[in-house]
Amino acid sequence: MSALKLDEPQYVRTKRRKAFGGGSVFVYLISAVVVALTLGPVLYGVISGFRTNTDLARNPSGLPDVWTLENYGNILTGDRFWGYAFNSTMIALVTTAIVVIAGVMAAYPLARYQFRLREPLYMVFVMGLLFPVAVAVIPLFIMISNDMNLGDTVWGVALPQAAFALPTTIIILRPFLMALPKEIEEAALIDGASRIGFFWRILLPLSGPGMVTVGVLAFVGSWNAYLLPLLLLRDDGAKTLPLGVADFSTRYATDMVGVFAYTSLAMIPALIFFLSLQNRIVNGLQGAVKG
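Residues numbered from 1 in each chain as written. Predicted model: local features only at pLDDT ≥ 70, side-chain atom pairs only at ≥ 80, totals over all residues. Heavy atoms only, no water.

Draft legend 1. Region of the structure containing a nonpolar patch on the surface. Among the surface-exposed residues, F26, V27, Y28, I30 and V34 lie close enough to one another that they form a single nonpolar patch of about 540 Å² accessible area. Residue placement: V34 occurs in helix α2 (residues 24-48). By relative accessible area, V34 is classed as partly exposed at 47%. (Patch = residues over 30% accessible without salt bridge, like charges linked within 9 Å, V, L, I, M, F, W, Y side chains within 5 Å. Areas by Shrake-Rupley, 256 points an atom, 1.4 Å probe, with all protein chains shown as cover. Salt bridge = Lys/Arg side-chain N within 4 Å of Asp/Glu carboxyl O. Helix = DSSP H or I, 4+ residues; strand = E, 2+ residues; numbered from the N terminus. Buried < 20%, exposed > 50% of the residue type's maximum accessible area, 1.4 Å probe, protein only.)

Structural data, given as structure tokens:
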């Protein structure tokens, strides 16, 4: 009987733990709060774009009395929005291509070759994470605009953005390349493949998840960039969507619902792109950690 009494509290605790999921209810509650705080402003901006200024002033926190597509329609039918979107897309694509190609080529010798200064050289890229863009904006402006004559061009913005994205790229890709078994490389070399052939035919396909991860991060980061385009793109025809949002907000400061609609449309492409590839991003980061 005494043994039964001693075991009963443990049994009750086990049942209670199973009923509440071992604390999972608290985890789900915290997750729900974080999601609400994250998505709440986004949903508020999207919904406010369907309202009128009078409706927004009368009831800022409520739903629209009458849903209207006029705000979104005016922006989509204008030529400035699509021009800004095209510029953002081109800069993001060029930046992503440079980041992926240069990143994997730089990470390959740091991961697969043994040489004297390999780790100190890798630490240079790690320290690049501590170097903020704001510190280099003035030298970059002088070099890109005056010395290289690349102001108001896609390359003038894409090159510095890719340079600042390379440290993260190399840190993510290096574990992928190091995790590949040396036996695969040795077998390829025995079969007559060169190191360059091994790099193009075997290593690149196997490191696909990591390349997709750094590519998506570079694309989204370039799409949302504001400081560098603000300094390097002075011509209205060369500006990106974040700059277009700022210009629209300044020009039509009293049209709050229009600003909400413009901001919502500007963030949708990057949001869709990121969400569609989020599983690949998670797999890529997991592979980097495991490596």
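Draft legend 2. Structural detail: α2. For α2, with 25 residues, the first-to-last C-alpha span of 35 Å sits near the 36 Å given by 1.5 Å per residue. The largest bend in α2 amounts to roughly 35° and is located at L39, with the proline P41 lying one to four residues further along. (Expected span 1.5 Å × (residues − 1). Bend = angle between axes of the 7 residues up to and from the residue.)

Draft legend 3. A look at the packing of α2 against helix α14 (residues 256-276). Here α2 crosses α14 at 120°, and the two axes come no closer than 7 Å. Viewed along their axes, α2 and α14 adopt a mutual orientation that is oblique. When you trace α2 past α14, the crossing you get is left-handed. Two secondary-structure elements touch here, α2 through V42, Y44, G45, V46 and S48 and α14 through V257, F260, S264 and M267. For the contact of α2 with α14, the per-class residue count stands at six nonpolar, three polar and no charged. (Axes fitted to C-alpha atoms, helices over the stretch in contact; angles between N-to-C directions. Parallel < 35°, antiparallel > 145°, perpendicular 65-115°, else oblique. Left-handed = near helix turned anticlockwise from the far one by under 90°. Contact = heavy atoms within 4.5 Å. Nonpolar A, V, L, I, M, F, W, Y, C, P; charged D, E, K, R; others polar.)

Draft legend 4. Local environment of unusual backbone geometry. The backbone of N149 sits at a positive phi, close to 55°, despite the residue not being glycine. By secondary structure assignment, the location of N149 is in the loop between α7 (137-147) and α8 (154-179). You will see that D152, though not glycine, has its phi angle at about 60°, which is positive. Residue position: D152 is located in the loop between α7 and α8. Judged by its relative accessible area of 33%, D152 is partly exposed.

Draft legend 5. Quick look at the nonpolar core. With 19 residues, the main nonpolar core has Y108, L173, L177, F199 and L203 as its most contacted residues. Mapped onto this core, the elements with two or more residues apiece are α5 (79-112), α8, α10 (195-206) and α11 (208-223). Here the element with the most residues in this core is α5; it accounts for six residues. In contact with L177, not counting residues within four places along its chain, are V104, A107, Y108, A111, R112, L203 and S207. (Core = buried A, V, L, I, M, F, W, Y, C linked by side-chain atoms within 4.5 Å.)

Draft legend 6. Spatial organisation of the pattern of salt bridges. Enumeration according to the criterion identifies seven salt bridges in this entry. Between E119 and R118 there is a salt bridge, with its nearest N and O atoms 3.4 Å apart. Of the charged contacts, one joins D236 and K239 as a salt bridge, the two residues approaching to 3.2 Å between their closest N and O atoms. Residues joined by salt bridges that share partners form a network here, namely R51, D55, R58 and D65.

Draft legend 7. Highlighting the side chain of S264. Its place among the elements puts S264 in helix α14. A residue is classified by how much of its surface remains accessible, and S264, at 2% relative accessible area, is buried. A polar contact of 3.4 Å, which involves the side chain of S264, links it to the backbone nitrogen of V46. Other than its neighbours up to four places away in sequence, S264 contacts G45, V46 and Y72. (Polar contact = N/O pair within 3.5 Å; in protein donor to acceptor, adjacent residues only side chain to side chain.)

Draft legend 8. Highlighting the confidence of the model for the chain. Predicted confidence across the chain gives a mean pLDDT of 82, with 87% of residues reaching 70 or more. Considering each helix and strand of the chain separately, the mean pLDDT is smallest for helix α1 (residues 2-19), with a value of 50, and largest for α5, with 90. Predicted confidence for residues 1-8 stays below pLDDT 50, and this span has zero contacts to residues more than four positions away or in other chains. (pLDDT = per-residue confidence, 0-100.)

Draft legend 9. Region of the structure containing the side chain of S207. Within the fold, S207 resides in the loop between α10 and α11. There is a polar contact of 2.9 Å between the side chain of S207 and the backbone oxygen of L203. In terms of polar contacts, S207 uses its side chain to reach the backbone carbonyl oxygen of L204, at 3.2 Å.

Draft legend 10. Focus on the packing of α11 against α14. Axis separation between α11 and α14 bottoms out at 10 Å; the angle between their running directions is 175°. With respect to their mutual orientation, α11 and α14 come out roughly antiparallel. Seen from α11, the contacting residues are V216, F219, V220 and W223; seen from α14, they are A266, P269, A270, F273 and F274. The class makeup of the residues in the contact of α11 with α14 is nine nonpolar, no polar and no charged.

Draft legend 11. Molecular detail of the environment of S249. Within the secondary structure layout, S249 lies in helix α13 (residues 241-251). Placed 14 residues apart in sequence, S249 and T263 show a C-alpha to C-alpha distance of 9.1 Å.

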